[in-house]
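Chain by chain, the residues:
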Amino acid sequence: MKSTSSLIQSTLLFITVSIFAIYGYGLAALYGALVSFSNTWMFDWYFRKQKAAVDADAQTSFKMAIKSSVLRVFSLMALVLLGLGILGIEAQPLVVCLVLGQVGFILDRLRQK
C-alpha cells in the first residue's frame, strides 16, 4: 500500500506560512493552509471510503467520486468565504497558501505513483 503522506504539501505550506508570519500575516496564511489541508483530508477520507467499497459497481464508484468532488468544492468555497467575509482575513496570504497547498497536494500524489 502506498503512503498517503503529504510531505511536499506540508513543507510548502510551512515555508509559506513562516514567510507570511514574518510580515505579520501569519494568521491569514495559517488559515489558508488549514483550508488546503482540510481539502486534502476530505479527499483522503473519500478515497479510503471508495477503496473499502470493493464490491461497488462502476456507477456507484462514479457517484462516490462526483459526490466527493462536489463536497470538496463547496466546503472549499464555504471556508474561503468564511475566512474572507466573517473572519476578515487578508485575501492574499489565504489564497497563496491555498493555491500552494493544492500544488503540493498534486505533487505529493505524483510522487506516490
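As the structure is a prediction and not an experimental result, all values here were calculated from the model.

Secondary structure assignment for the protein chain yields four helices and zero strands. Overall, the protein chain shows an N-to-C arrangement of helices and strands of α-α-α-α. Projecting the C-alpha coordinates of the protein chain onto the three principal axes gives extents of approximately 50 × 30 × 15 Å. The proportion of buried residues among the 113 residues of the protein chain is 31%. Just so you have it, the protein chain exposes about 7300 Å², and 73% of that area is on carbon and sulfur atoms. Placing the 10 positive and 5 negative side-chain charges of the protein chain at their respective mean positions leaves the two points 4 Å apart.

For the coordinates displayed, the defined rule picks out two salt bridges. Across the pair Arg-109 and Asp-44 runs a salt bridge whose closest N-O atoms are separated by 2.7 Å. With Arg-109 in helix 4 (residues 91–111) and Asp-44 in helix 2 (residues 26–52), the pair connects residues that are 65 residues apart, well separated along the chain. Residues Arg-109 and Asp-44 agree in their burial class; the two are buried.

At a minimum axis distance of 7 Å, the contact between helix 2 and helix 4 shows a crossing angle of 35°. For the pair helix 2 and helix 4, the sense of crossing is right-handed. Where helix 2 abuts helix 4, its residues Ala-28, Ala-29, Tyr-31, Gly-32, Ala-33, Val-35, Ser-36, Asn-39, Thr-40, Phe-43 and Asp-44 lie against Pro-93, Leu-94, Cys-97, Leu-98, Gly-101, Gln-102, Phe-105 and Arg-109. Taken together, the residues that form the contact of helix 2 with helix 4 break down as eleven nonpolar, six polar and two charged.

On the surface, Phe-62, Ile-66, Val-70, Val-73, Phe-74, Met-77 and Leu-81 cluster together into a nonpolar patch covering about 700 Å² of accessible area. Within the secondary structure, Phe-62 is located in helix 3 (residues 58–86). In this structure Phe-62 comes out as exposed when scored by relative accessible area, which is 55%.

This next bit is on helix 1 (residues 7–22). Taking 1.5 Å as the rise per residue, helix 1 with 16 residues should run 22 Å; its terminal C-alpha atoms sit 23 Å apart, in good agreement. Every buried residue of helix 1 is listed here: Gln-9, Leu-13, Thr-16, Val-17 and Phe-20. All buried residues of helix 1 fall inside an arc of 100° around its axis, so they share one side. Facing away from the buried surface of helix 1 by more than 90 degrees, the exposed residues are Leu-7, Phe-14 and Ile-22. Of the surrounding secondary structure, the elements contacted by the buried residues of helix 1 are helix 2 and helix 4. Once helix 1 ends, the next one or two residues include Gly-24, with phi positive near 90°.

Scoring rules and cut-offs
Residues numbered from 1 in each chain as written. Predicted model: local features only at pLDDT ≥ 70, side-chain atom pairs only at ≥ 80, totals over all residues. Heavy atoms only, no water. Helix = DSSP H or I, 4+ residues; strand = E, 2+ residues; numbered from the N terminus. Buried < 20%, exposed > 50% of the residue type's maximum accessible area, 1.4 Å probe, protein only. Areas by Shrake-Rupley, 256 points an atom, 1.4 Å probe, with all protein chains shown as cover. Lys, Arg positive; Asp, Glu negative; His and termini not counted. Charge placed at Lys NZ, Arg CZ, Asp CG, Glu CD. Salt bridge = Lys/Arg side-chain N within 4 Å of Asp/Glu carboxyl O. Axes fitted to C-alpha atoms, helices over the stretch in contact; angles between N-to-C directions. Left-handed = near helix turned anticlockwise from the far one by under 90°. Contact = heavy atoms within 4.5 Å. Nonpolar A, V, L, I, M, F, W, Y, C, P; charged D, E, K, R; others polar. Patch = residues over 30% accessible without salt bridge, like charges linked within 9 Å, V, L, I, M, F, W, Y side chains within 5 Å. Expected span 1.5 Å × (residues − 1). Arc of directions from axis to C-beta.

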